[in-house]
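The residues making up each chain are set out below.
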Amino acid sequence: VADGRVVSPFTPGAPADQALLQPATTSRQSQQSIFDYQLIAPQQGWAWRDGRLYWTVDGGRSWLDRTPANLAGDVLGVHYTSEQEGWLVVVNSGNETLEVQHSRDGGKNWQVAVLGVGPGLINAAEAAYFDFLDDKTGWVTLHLGSSSAFSLGMLFGTQDGGQTWQARNLPVGEPV
């Protein structure tokens, strides 16, 4: 649509971060758009926007900022399994690692586990997708940048609630 209306679940004037109302910048993480979102209940869910993680408990009328205080890098994927339990995959450019950050208290505290990805593949990671069987067993799929003719990726699994992650075989770089 060339001249369609742009809409957002963020209501102007709602008690969300004032940065939501500021004009867009040219930074990839700062563009005025929603990169990802998920509803986990009819009135509860999260949105990743402008490099910030927001949470709603009232169907989007107001938003709380749940961004980790020490976030250092680009977020490739976000997933919540409940209001209290959330997951992020972060490219930490400071120490050149891919990290899975996990919160069990609604985003107040985040524990970090490093994924075993070589330095050459860290910059190729473009997106991350989560899937969980239960509170101990889950997977992270990394989509690696390549050409349009290929879908490359890496798969990591956990059986201890995200404390450690082991590399698995993955034929394509798409969600599990």
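Residues numbered from 1 in each chain as written. Predicted model: local features only at pLDDT ≥ 70, side-chain atom pairs only at ≥ 80, totals over all residues. Heavy atoms only, no water.

## Some words on the overall build of the chain
Logical step 1: Looking only at helices and strands, the chain has 1 helix and 12 strands in total.
Logical step 2: Helices and strands appear in the chain in the N-to-C order β-β-β-β-β-β-β-β-α-β-β-β-β.
Logical step 3: Across the 176 residues in the chain, those meeting the buried criterion constitute 43%.
Logical step 4: Sequence separation of 24 or more characterises 34% of the internal contacts of the chain that already satisfy a separation of 6 or more. (Helix = DSSP H or I, 4+ residues; strand = E, 2+ residues; numbered from the N terminus. Buried < 20%, exposed > 50% of the residue type's maximum accessible area, 1.4 Å probe, protein only. Contact = heavy atoms within 4.5 Å.)

## A look at unusual backbone geometry
Logical step 1: One non-glycine residue, Asp50, lies in the positive phi region at around 55°.
Logical step 2: Tracing the sequence through the fold places Asp50 in the loop between β2 (44–49) and β3 (52–56).
Logical step 3: Given the relative accessible area of 14%, Asp50 is considered buried.

## As for the confidence of the model for the chain
Logical step 1: On average, the chain scores 78 in pLDDT, and the residues at 70 or more come to 77%.
Logical step 2: Every residue in residues 12–31 scores below 50 in pLDDT, and together they form 32 contacts with partners more than four places removed in sequence or on other chains. (pLDDT = per-residue confidence, 0-100.)

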